[in-house]
Protein chains: 2
Amino acid sequence: MAASDYPKPSVTVDVVIITLRAEELQVLLVKRDLAPYKGRWAVPGGFVHLDESLETAARRELHEETGVADVYLEQLYTFGDPGRDPRGRVISVAYIALVPAPLTVEAGSDAREARWWSLSKLPPLAFDHDKMVQLALTRLRYKIEYSAVGFRLLPECFTLSELQKAYEIILGEPLDKRNFRRRIMEAEVIEPTDDIRAGEGRPARLYRFRRDAVAEVKARRLFP
Amino acid sequence: MAASDYPKPSVTVDVVIITLRAEELQVLLVKRDLAPYKGRWAVPGGFVHLDESLETAARRELHEETGVADVYLEQLYTFGDPGRDPRGRVISVAYIALVPAPLTVEAGSDAREARWWSLSKLPPLAFDHDKMVQLALTRLRYKIEYSAVGFRLLPECFTLSELQKAYEIILGEPLDKRNFRRRIMEAEVIEPTDDIRAGEGRPARLYRFRRDAVAEVKARRLFP
DNA sequence: GCTAATTGGTGTTATCTCAACACTAAGATA
DNA sequence: TATCTTAGTGTTGAGATAACACCAATTAGC
């Protein structure tokens, strides 16, 4: 049977955009202004254009919502149960995006309301987006243990204490300062800058993510 | 924009069916008898029906090709680059299936030629199916280290030596017999049966996979 | 300007985990 | 009955991990 003869589902991409704000993990949601689920909060997403790749579509959605480019983006899972969208058969390729902390949400070009929500206090979500967000969180926790995605949630320069705090928030448990610093340095994924950040207490050296580092999939877990 | 107004891609599922035969990992491929790529070998797959879930579609394809049901099946990745299929925009949700060893391939209902291929000696594949198979292999190697999917490649009952051999083939390296047995038993994923298998040498106890075991994602890697 | 408070930064040791290693057991075959 | 073949079983040294406390540099308050 030729492809064009077949009744086709619609295909969307949805992007679970995660950041670290106010000492907790937060996710960006948009309020739907159209049926179905009008007025409910949802993960930002939209239909895939015929001439763009899935990742390009995800980056387009991400850019429309946040105005940022060049962020960490990874395919998460494809949701395709019949009945997940009352409009008809819609298959959604979900992505997870990690964006640096002090990010202000662009006023959506389509004037939809958009805001950050704490992952621990989510409103009821449209479609099967609660499953989507939960899966993203599981994947993030899991990934951070043996690769270096944690940096993607921080601004370009950060102190070791800020980095440790980020890891503690994501993993949900306190980490030993000396062990943390030793392992991060041994992993060779960050490098010191020449800058120092002053504040209350002793000033701290600023570090940055090493762009040449092999951040993905270390042989050994970073935080066992 | 309503879903039905949008130009839609086609959606297929492809299933990378992997087994262990003749002391190596093998994958089931079918020879395409239609354009495009007519005569080339491809991963079995087909269009998703509008009333079935993605996993149901994958199981249907798997059943059509092999006649088996109740096998390990997991979503692998969704391939959706424009241009990956010359017929037009086709998005393919790839699954990986692990089937027990002594499985004879059903004569395909559509009389296509189908056979097992060694993963180390693959023919040129249609579409982007070489990437698909490589990704499946990577995922399998990766997964077997910290979960218990290895059993899904063996018949219901097996000896510990057979299981160790399977792991050695998948990981591509020899394992220490005593360490292997200790870890497998500590993981509590298999249980002894009352049966013994005789053969050349001392007869061996048969084991089976524990259906009640929490096989997925052990906290600790099985084979570090 | 002196003291207290706050955060940054640094090594060592006991414990646990992992990997290496060799012999006896049971049955089949010659 | 001797030999061959595969099954089955514990211990130990080395390396990795986790637990742990103090001094340093600056700011804030008096």
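Criteria and cut-off values
Residues numbered from 1 in each chain as written. Chains lettered and ligands numbered in written order. Predicted model: local features only at pLDDT ≥ 70, side-chain atom pairs only at ≥ 80, totals over all residues. Heavy atoms only, no water. Near = heavy atom within 4 Å. Polar contact = N/O pair within 3.5 Å; in protein donor to acceptor, adjacent residues only side chain to side chain. Least-squares fit on C-alpha atoms with pLDDT ≥ 70 in both. Contact = heavy atoms within 4.5 Å. Buried area = accessible area lost by both parts, 1.4 Å probe. Salt bridge = Lys/Arg side-chain N within 4 Å of Asp/Glu carboxyl O. Helix = DSSP H or I, 4+ residues; strand = E, 2+ residues; numbered from the N terminus. Nonpolar A, V, L, I, M, F, W, Y, C, P; charged D, E, K, R; others polar.

Quick notes on the protein's contact with DNA strand C
- By nearness alone, 20 residues border DNA strand C, and A:Ser161, A:Lys177, A:Gly201, A:Arg205 and B:Arg183 come closest of all.
- The sugar-phosphate backbone supplies 42% of the atoms of DNA strand C found within 4 Å of the protein.
- One of the side-chain N or O atoms of A:Ser161 is found 2.8 Å from a phosphate oxygen in DNA strand C.
- Contacts to DNA strand C include B:Asp176, whose side-chain N or O atom sits 3.3 Å from a base nitrogen.

Some words on the relation of the copies chain A and chain B
- You can overlay chain A on chain B at an RMSD of 0.1 Å; the transform is a turn of 179 degrees with a shift of 0.0 Å along its axis. Both copies are brought into coincidence by an operation consistent with a two-fold rotation axis.
- Taken together, the interface assignments show that 100% of the residues at the interface of chain A recur at the interface of chain B, consistent with an identical surface on both copies.

So, the interface of chain A and chain B
- Tallying the contact residues gives 32 residues for chain A and 33 residues for chain B.
- Both faces considered, chain A and chain B share a buried interface measuring about 3,100 Å² in area, 59% of it formed by carbon and sulfur atoms.
- On the chain A side of the interface with chain B, the three residues burying the most area are A:Tyr6, A:Lys8 and A:Leu50, jointly 19% of the side's total.
- Joining chain A to chain B, the criterion identifies zero salt bridges.
- When contributions to the side of chain A that touches chain B are tallied by element, the ones reaching two or more residues are strand E1 (10-21), strand E5 (72-79) and strand E6 (90-98) of chain A.
- Looking at the side of chain A that touches chain B element by element, the count peaks at four residues for E5(A).
- Of the residues contributing to the side of chain A that touches chain B, the split by class is 19 nonpolar, six polar and seven charged.

What to know about the protein's contact with DNA strand D
- Around DNA strand D sit 22 residues, and of these A:Arg183, B:Ser161, B:Lys177, B:Gly201 and B:Arg205 come closest.
- The share of sugar and phosphate among atoms of DNA strand D within 4 Å of the protein is 46%.
- Between A:Asp176 and DNA strand D, the recorded distance is 3.2 Å, taken from a side-chain N or O atom to a base nitrogen.
- Within the side chain of B:Arg181, one N or O atom sits 3.2 Å away from a phosphate oxygen of DNA strand D.
- Of all the secondary-structure elements, those providing two or more residues to the surface near DNA strand D are helix H4 (177-186) of chain A together with helix H4 (177-186) and strand E10 (204-209) of chain B.
- Broken down by class, the residue content of the surface near DNA strand D amounts to four nonpolar, five polar and 13 charged.

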